[in-house]
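Take a look at the letters that make up each chain.
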Amino acid sequence: MPPAKPRPLPAKSLLPKINQMLYGGDYNPEQWPEETWREDMRLMREAGVNLVSIGIFAWAKLQPREKTCSFGWLDRLMDLLAENGIYANLATATASPPPWMSKYPGLNAVDGKGHVWAHGSRQHYSPFSTVYRRFAAALVRKLATRYRSHPALALWHINNEYACHVQECHSEAATAAFRIWLKARYGSIEGLNDAWGTAFWSQHYQDWDEVLTPRHTPTFPNPCQVLDYHRFMSDAILDLCKMERDILRAITPDIPVNTNFMGCFKPLDYWKWAREIDFTSWDAYPDPLTERPELFDACGHDLLRSLKPGRPFVLMEQCSSHVNWRPVNAAKPPGVMRLWSLQSVARGADGVLFFQWRQSLAGAEKFHGAMVQNGSQPGQGRVFREVCELGADLGKLAPVVGSVIRSKVAIMIDWQSWWALESPSKPAQFHYEKAFSQIQRLCFDRNIAVDFVHPGSDLSGYSLVFAPNLYLLEKQSADNLDAFVRNGGTLLVTCFSGIVDREERIVPGGYPAYLRETLGIAVEEWWPLGPEQRMPVRFGRRSLHARDWRETIHLRGAKALATFAGDHLAGSPAVTRNRRGAGQAYYLGMQMDDPDLAHLLDPIFSRLKLAAPVRAPAGVEVTLRENSRAKFLFLLNHKETAARIPLGAHQGTDLLTGAKARAAITLEPHGAAVIALAIT
Amino acid sequence: MPPAKPRPLPAKSLLPKINQMLYGGDYNPEQWPEETWREDMRLMREAGVNLVSIGIFAWAKLQPREKTCSFGWLDRLMDLLAENGIYANLATATASPPPWMSKYPGLNAVDGKGHVWAHGSRQHYSPFSTVYRRFAAALVRKLATRYRSHPALALWHINNEYACHVQECHSEAATAAFRIWLKARYGSIEGLNDAWGTAFWSQHYQDWDEVLTPRHTPTFPNPCQVLDYHRFMSDAILDLCKMERDILRAITPDIPVNTNFMGCFKPLDYWKWAREIDFTSWDAYPDPLTERPELFDACGHDLLRSLKPGRPFVLMEQCSSHVNWRPVNAAKPPGVMRLWSLQSVARGADGVLFFQWRQSLAGAEKFHGAMVQNGSQPGQGRVFREVCELGADLGKLAPVVGSVIRSKVAIMIDWQSWWALESPSKPAQFHYEKAFSQIQRLCFDRNIAVDFVHPGSDLSGYSLVFAPNLYLLEKQSADNLDAFVRNGGTLLVTCFSGIVDREERIVPGGYPAYLRETLGIAVEEWWPLGPEQRMPVRFGRRSLHARDWRETIHLRGAKALATFAGDHLAGSPAVTRNRRGAGQAYYLGMQMDDPDLAHLLDPIFSRLKLAAPVRAPAGVEVTLRENSRAKFLFLLNHKETAARIPLGAHQGTDLLTGAKARAAITLEPHGAAVIALAIT
Amino acid sequence: MPPAKPRPLPAKSLLPKINQMLYGGDYNPEQWPEETWREDMRLMREAGVNLVSIGIFAWAKLQPREKTCSFGWLDRLMDLLAENGIYANLATATASPPPWMSKYPGLNAVDGKGHVWAHGSRQHYSPFSTVYRRFAAALVRKLATRYRSHPALALWHINNEYACHVQECHSEAATAAFRIWLKARYGSIEGLNDAWGTAFWSQHYQDWDEVLTPRHTPTFPNPCQVLDYHRFMSDAILDLCKMERDILRAITPDIPVNTNFMGCFKPLDYWKWAREIDFTSWDAYPDPLTERPELFDACGHDLLRSLKPGRPFVLMEQCSSHVNWRPVNAAKPPGVMRLWSLQSVARGADGVLFFQWRQSLAGAEKFHGAMVQNGSQPGQGRVFREVCELGADLGKLAPVVGSVIRSKVAIMIDWQSWWALESPSKPAQFHYEKAFSQIQRLCFDRNIAVDFVHPGSDLSGYSLVFAPNLYLLEKQSADNLDAFVRNGGTLLVTCFSGIVDREERIVPGGYPAYLRETLGIAVEEWWPLGPEQRMPVRFGRRSLHARDWRETIHLRGAKALATFAGDHLAGSPAVTRNRRGAGQAYYLGMQMDDPDLAHLLDPIFSRLKLAAPVRAPAGVEVTLRENSRAKFLFLLNHKETAARIPLGAHQGTDLLTGAKARAAITLEPHGAAVIALAIT
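What counts, and at which threshold
Residues numbered from 1 in each chain as written. Chains lettered and ligands numbered in written order. Predicted model: local features only at pLDDT ≥ 70, side-chain atom pairs only at ≥ 80, totals over all residues. Heavy atoms only, no water. Phe/Tyr/Trp six-rings, centres within 6.5 Å; stacked < 30°, edge-to-face > 60°. Helix = DSSP H or I, 4+ residues; strand = E, 2+ residues; numbered from the N terminus. Buried < 20%, exposed > 50% of the residue type's maximum accessible area, 1.4 Å probe, protein only. Least-squares fit on C-alpha atoms with pLDDT ≥ 70 in both. Contact = heavy atoms within 4.5 Å. Polar contact = N/O pair within 3.5 Å; in protein donor to acceptor, adjacent residues only side chain to side chain. Pairing = 2+ DSSP bridges. Expected span 1.5 Å × (residues − 1). Salt bridge = Lys/Arg side-chain N within 4 Å of Asp/Glu carboxyl O. Nonpolar A, V, L, I, M, F, W, Y, C, P; charged D, E, K, R; others polar. Buried area = accessible area lost by both parts, 1.4 Å probe. Axes fitted to C-alpha atoms, helices over the stretch in contact; angles between N-to-C directions. Parallel < 35°, antiparallel > 145°, perpendicular 65-115°, else oblique. Left-handed = near helix turned anticlockwise from the far one by under 90°.

(A) Seen up close, the packing of aromatic side chains. Counted according to the given criterion, the structure contains 123 aromatic pairs over all chains. A ring pair is formed by Tyr471(A) and Phe367(C), whose centres lie 6.1 Å apart and whose planes are at 45°; its orientation type is tilted. One end of the pair, Tyr471(A), is in the loop between β12 (464–467) and α14 (475–486); the other, Phe367(C), is in the loop between β9 (349–354) and α11 (381–396), on a second chain. Taken individually, Tyr471(A) and Phe367(C) each receive the classification buried, so the pair is uniform in this respect. Here the aromatic rings of Phe496(A) and Trp526(A) are separated by 5.0 Å at their centres, their planes lie at 85°, and the arrangement is edge-to-face.

(B) The relation of the copies chain A and chain C, seen in detail. At an RMSD of 0.1 Å, chain A and chain C line up after a rotation of 120° and a shift of 0.0 Å along the axis. In symmetry terms, the pair is related by a three-fold rotation axis. Proximity to the rotation axis, assessed at the C-alpha, singles out His115(A) in chain A; its C-alpha lies 5.4 Å from the axis. Take the interface residues of chain A: only 2% of them recur as interface residues in chain C, which is what a contact between different surfaces looks like.

(C) Examining the environment of Arg550(B) more closely. All names here are of chain B. Within the secondary structure, Arg 550 sits in strand β16 (residues 542–555). Residue Arg 550 is classed as buried on the basis of its relative accessible area, which comes to 2%. Distance from Arg 550 to Ile 251, taken between C-alpha atoms, is 57 Å for residues 299 residues apart in sequence. With residues near it in sequence (within four places) discarded, Arg 550 still touches Glu 525, Trp 526, Trp 527, Leu 529, Met 535, Phe 564, Ala 565, Asp 567, His 568, Leu 569, Gly 589 and Met 590. There is a polar contact of 2.8 Å between the side chain of Arg 550 and the side chain of Asp 567.

(D) Broad picture of the sheet that holds strand β2 (residues 51–54) of chain B. All names here are of chain B. Within the open sheet, the nine strands sit side by side as β5-β4-β3-β2-β1-β9-β8-β7-β6. Their pairing is parallel. The sheet is open, and its two borders are formed by β5 (257–258) and β6 (260–261), each paired with just one other strand. Pairing analysis gives four bridges linking β2 to strand β3 (residues 87–91), with the strands arranged parallel. Bridge pairing links Leu 51 to Tyr 87 in β3.

(E) The arrangement of helix α9 (residues 293–307) of chain B in detail. Between its first and last C-alpha, α9(B) extends 22 Å over 15 residues, near the 21 Å set by a 1.5 Å rise per residue. Here α9(B) lies mainly inside the structure; 14 of its 15 residues are buried.

(F) Up close: the relation of the copies chain A and chain B. You can overlay chain A on chain B at an RMSD of 0.0 Å; the transform is a turn of 120° with a shift of 0.1 Å along its axis. When you check the interface residues of chain A against chain B, a mere 2% turn up at the interface there too, and the two sides of the contact use different surfaces.

(G) Quick peek at the interface of chain A and chain C. Listed by partner, the interface residues are 50 residues for chain A and 57 residues for chain C. One can count two salt bridges joining chain A with chain C. Taking the shortest distance from any N to any O, the salt bridge between Glu525(A) and Arg382(C) comes out at 2.7 Å. Here chain A is connected to chain C by 27 residue pairs in polar contact (both at pLDDT 80 or more). Elements that contribute at least two residues to the side of chain A that touches chain C include exactly α7 (223–251) and β14 (521–526) of chain A. The dominant element in the side of chain A that touches chain C, judged by the number of residues it contributes, is β14(A), at four residues. Of the residues that constitute the side of chain A that touches chain C, the class distribution is 24 nonpolar, 18 polar and eight charged.

(H) Highlighting the interface of chain A and chain B. Across the boundary between the two partners, chain A contributes 57 residues, which contact 50 residues of chain B. Summed over both partners, the interface of chain A with chain B comes to about 4,500 Å²; 61% of that surface belongs to carbon and sulfur atoms. At the surface where chain A touches chain B, the tally comes to two salt bridges. Where chain A meets chain B, there are 27 residue pairs in polar contact (both at pLDDT 80 or more). Mapped by element, the contributors of at least two residues to the side of chain A that touches chain B are α2 (59–62) and α11 (381–396) of chain A. The class makeup of the residues in the side of chain A that touches chain B is 26 nonpolar, 21 polar and 10 charged.

(I) Up close: the sheet that holds strand β5 (residues 257–258) of chain A. Residues and elements named next belong to chain A. On the basis of which strands lie adjacent, the open sheet formed by nine strands has the order β5-β4-β3-β2-β1-β9-β8-β7-β6 and parallel pairing. Pairing within the sheet leaves two strands with one partner each, and these edge strands are β5 and β6 (260–261). Where strand β7 (residues 281–283) meets strand β8 (residues 313–317), three bridges bridge the pair, whose relative direction is parallel. The residue bridging Ser 281 from the neighbouring strand is Val 314, located in β8. Here helix α10 (residues 336–346) sits on the sheet in contact with β8 and β9 (349–354), set at roughly 145° to β9.

(J) Broad picture of the pattern of salt bridges. For the structure on display, the rule yields 126 salt bridges over all chains. The shortest N-O distance in the salt bridge between Arg486(A) and Asp482(A) comes to 2.7 Å. Here the residue Arg486(A) and the residue Asp482(A) both occupy positions in helix α14, the gap between them amounting to four residues, near one helical turn. With relative accessibility at 39%, the residue Arg486(A) sits in the partly exposed group. Asp278(C) is the salt-bridge partner of Arg249(C), the closest N and O atoms lying 3.0 Å from each other. Of the two residues, Arg249(C) sits in helix α7 (residues 223–251) while Asp278(C) sits in the loop between α8 (270–274) and β7 (281–283), which places them 29 residues apart along the sequence.

(K) How the structure looks around the packing of helix α4 (residues 130–147) of chain C against α7(C). Residue and element names in this part refer to chain C. Interhelical geometry of α4 versus α7 gives an angle of 25° and a closest axis separation of 9 Å. Classed by the angle they form, the pair α4 and α7 counts as roughly parallel. Considering the relative orientation of α4 and α7, their crossing is right-handed. Counted together, Tyr 132, Arg 133, Ala 136, Ala 137, Val 140, Arg 141, Ala 144 and Thr 145 of α4 and Asp 239, Leu 240, Met 243, Glu 244, Ile 247, Leu 248 and Ile 251 of α7 form the full contact between these two elements. Residues that form the contact of α4 with α7 fall into these classes: 10 nonpolar, one polar and four charged.

If you want it as structure tokens, here you go:
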């Protein structure tokens, strides 16, 4: 399911009502008396807030009893926002049903051992509960009807962080729904038996009602059953989202709908999901204690931007300082929140929002940072000061709104491969996110713009496509890659790709199955390595090292660029290149650490003339956004020391300071610049 | 609930019938034929035993069938003890109900995922089972009635190690009881909603029957729900204890009642528990494989002594050599059991007992050491020899009975803070016991006597009070601390204190909430550190290091004694001191390793002239017990080499050897002395 | 239950129909269309296959619905095999019941927390389901009746890898069966109470229906209950096996029956199991990533050979290259599969089979290596080439068939000790397999042949018997050992032996209980060490080290050969020797690393003149198989370099090459030779 052309937007910005960078956060004022709301309005205006997400966890306030709804407080809140020129990202409030609803059997989800999830935190509902669906639909209809014409309404926020906690359900209703889904997919029970390979381990089903969700089995469950269950759960939860969207679109056709994604998130196939909403957004929580936290965000931003090609995304949640759900929750040092906020814009965001506006005094997230924190008087303190400064910065970036990033490099990712690859009973333990984020990171470190693409995406605009660990590869996707190569593209496939087809069935006779001709090779065997093992690889005069994995590769037209050494694989190809049509196809039969992989990739980047917009020192991120009128050069210094960046021909005005940028620009530690370049 | 004045004792000793150090152990003779009992009596007399705990796991022997009781064997046992001049700490035998009782639904406890605990080990009963309560009450009543006048009866042992294994129950009865407890606490469901902050995450309850014990939720449960569940469970189990106590006191008003505590044990609020029994006792099992095992005991002894101020406690269980429930159960080398036994007396114990008298031949504790071990013939072997020697030593310490320890230093601990601090969704993972035991250890290493106090305790007798990690702090407790300072006391509060009030609700506007004025500071932000991170702290000319945690502290009258360095916090206060009224209040905005913390504390100890009774080399423990007639100087050498301790003015007679101690005394490796000093 | 004399075989080989080394693998052709079968036949003949295991997971194919059986495909398969001269190891197909059977309540096993295992993988059935037993018996009867006279039928394969995944069941039927088993063992409930020591912890049972399988208890369950549950489960699963065997033997008395064991596998008492089948076989999966993988196989082979003394075993499953159920599944480098296959023959196997013939395209084992792998065209590739070469090698080893290994050294192992020793609540954590495999390894490294023996085995043929960690030791077993010593044997007992009797009840008065006189010692105390601790041991002039464990040993006639040093145990015996009758009995009161233990054992080996058949360099394995006509010297080079082995007097012909071997032979890396020596 390649990304479709998005529905046209009624304006150049994502939200017709707001022609500037979106700025704000989750706002849960139901936790405070209404006099506090007025203080909130004043402070929001001070901070430059123009959009707040409201009602996300308000179901119990909106419908305190099964037959009692209470919209008065929300009416007053919406009016207050409108009076203050602040728009609402109005949530459908379905993310956490009220406790009274749990009295209905089947309302709560059931885990793989049959334990029912209890209410008392959030997201405990079963996506298969008809009661949940009925109550949710009714609530959404009421909200849409009530606020359809409210001047504050700018955007619908469907549910919240779908599948964040509950990614499986094994209730009777879930099992029944799985059977229906399977029936639709396979037609007959024999179709399912064929697909799942039930001839092995005596798993043959005679009737649909024998089929279960994969649960508590003595050993490895059927792999295709597991894969189908992943597909099914992603679809089933998406079905909830579409149900709400359809109601909203029917009543408020002009108000965009959105739901917040979770970045590189395995449980949901965001390629499918992104088709169903008007633009993408995500909640980004890098851990400041990791070595280079900016990498986490960069990869997520690139994915989110790619899910709906040509359309900016929104950073729907981030924290002002620290979260509270890790064992240790380090805070962002001064300046870092601004830097990482601008990074999201640099990589394609048209809005920056926080969880949450005012820090809770009670409940499970009271130690999660906020725009207005508890350690100071409201409107005071370091964090609020930085929040205000960021609001001012974003205000200056209005010209950037709607501009896009043009990439010549793409990384192919596929949720089907992700699910299948990381299921049990494999030759070794693969980590799909590690594989694709390593490629993304190597591009990031070179300031080469990179998109993510679907196996069915139109690849014609790219010079170079990476396909890391594309374990499950359908014939038509392979054909897409082959055509890309024949038309002049450069393809780089990494190990253990093209192993299985759509039903996780091995394609026999040598790997990577449908790509053998494209790559000019046949892989016969795999040689997983122990966790600490490193085996030498000869690459010209260099000695590099393989880790985790090696393969026996036979050349069928390709040439070996590097060979293994050190044991029985000595002399056997490790990296190959095949010239095909107007293009070239590379294959890497191993895994490598970053510096070693860089030695292999840099010559390819060079040959394809893929380079950063400007040459910046290590630690300085450079991106380019552009529209028909201008280009915007983003320069972000992730280092704790100042950095001088020579601009070459790229001169213009720094939108943040108004200063002219000529031959070079110097960024403070954690500093940033956004230079508007005239299109030449 | 500060400690109340204890019920007066009818004698200077804890047990009116025994005016000497209590000595003995758990005695479970129902495992042997009665001829073995006679051998036991002979050996007990040889060992100097005067008290044995009997019947602790005898319910199934006393009531082998629901309607059949069998007291004959216990009659004979009690008579035999009386004949031999040995007293009984008679257990109520309710710690482990017989298997036949499990046929009653609801008898067994239920874990958080709904699994019912099975009989077959011990303590599987639900504290909320009315059947259990009914059978337990009947048994206690029968025992008390039958043995009320028996000459061997010296003490009642209620149940055993409450909550040792089962600390939660989520049965329907437990849930119902939780609702009743909450109703009593909050009055109305809206009161509960306010307290728990259910406005967040859509947790608003409309009716009591929607409220659950905190169980199997997809993510963090409501924090105040968790805190209340801790309070509730501690209360509910205490209620069982009180039920038994009331029966016993009604029938045998002159026999003291006790139940054995578990030391620094989080599940039960021992401040509350200690009020309900006549004296405290605990079961101490230091691990000889830890670096300095004597620290574990020292902290436990100090707590147990403090729970009932002015009254000695009893070491109710220890092992003669090794336990059997750790992965590796190292044994105490020769001499160590004696040393640690005397340590308990040195820190306030008036009795030393073991688990158990005779080592079992079968069952789950047959590899737990005992006074009479299986590896030798009864009455022989190293362990029994040391048991006899200890009996003789304790016999010489009769003059010490009833004497107390006078401390000028106190450490405040509060189970509410413990429970709340260690619940999930915090800025970092705190370990309350590590925090208070670090302070205790630094005092121990200086041989400065220290008490534990409750936030509501009378502090007027102390010079110095520590309040480590007092996360939950009610206003009236803060007022108690403030008054202590204004009246001339020195207070030292450590980081992340005074954050929340009684319902775990943040007190906004800067921390430590109700102590800001006392401390003359306002804390705005927290900066948790990674597990391996160390950040520099400037303290005069010294460079110390913070670990785990730092804070942004604003001075509001206090002075900075030390400052952070090395990053954006450079120059910001790390340690502050505020002069207030006649006293001083210190604040530590970080955590530190022992040696660094010592640099901060030693000047305070010096200023307050807090020092050891005598100056002893490192590794030698010194304490002072006193009564109106004498002082007893305890000297304990924890080292494997001899130690010479100069006594200065403290001369007297070593009760253990009868030797006069003059200018100095030399202790063998693991040696000890108890010098009786005339009060001067 | 010592090993009984095996039922006589009707021929010198295990299978009357095949008078050569058995060669083949699991064959699951129901996964492919029948045209593929014909390709399989051709390739099998090419590879030299003479036996395939069929139908192991075919229940759902044979009985797709409850009342529908489908044998047509199996008829055709059997005919095809017969046509091609390949024999069938025909499985009873009961290892994995079809999904339709799960509709019967109680069909599926239940874990200790009450979760029912689901179908969807394999082996989910409860051994206590009467429905399962009924369907299984019916199927076995049908198969035996149908194929009783089929020319392809050579062997019955009962079920498959019993207890591989499901080793416990706590269903109501399991609990009822446990009670019946206990009743048969103990006669009365008081008998059970005595045996289990229920007088402790109030566990006394008044009625059988109160007794449970050991499940979800708050702390340690009753140890003898746990031990009995192990015995019961081993017996109950064996009962399934015997039920099938009895049906098969009744219908096909001349066809041998077998079931594949799992090597050194704790759940099943293979001493008991081996009595019930005609010969033993096992599935051997060494991990190539371990340091010396050949050790794993060597120990398993020695055990399997010993389970049925004097009769060869079969290597029923191994992998051609790699498995797929470890986190990382390294493949065997070229030559290693052959080497390890020949190793099995060297240690007593008369057959080498694989899992599986053709690699699956789907299902949970599609990444498990096979004789015909997916990465190549069928009949091509490295693995198939090596499979063919091995077939040729084995063909040359027909003379070896039926020959045996004669050992003068034995290691005593007992499943009762294993189960009891590794149950919780012990002085330290023992690993029984580590203990006995360490002794086996030291013999292996010296190429000294070693058998395993049961405590009740006839020991008269041995010079040296090891009894490592024989924790549970019955009086009559001790008498067996004592007689062995008195008759001139050398016995070596290691620490923590002879502690408990049959009901895991301590034998008091000094250890090792019934062996005290034999050993001339009495052990009084144990001193477990921390995981990193090493304590010095003086042995003559050498300084060795104890790890994990030390003991206080009193000499009662024995002499100390080594003593502890370094702490309070200094000078205390660590190793003792007792002369008794015509023999000697050694005791080791500690654990040691291999090199240290070797210093103690080598003098004993020397004294008893126990040595390798030829002196080979380290890394070269040497064994000797013999029959009445010839001896076969196996030489296996486990090193990656060539090795030269001087043959001395052992000259003959290498069966693999046909070359004469004289003064010495040189083996390539991973090379092997099988030299037929004339009996002199």
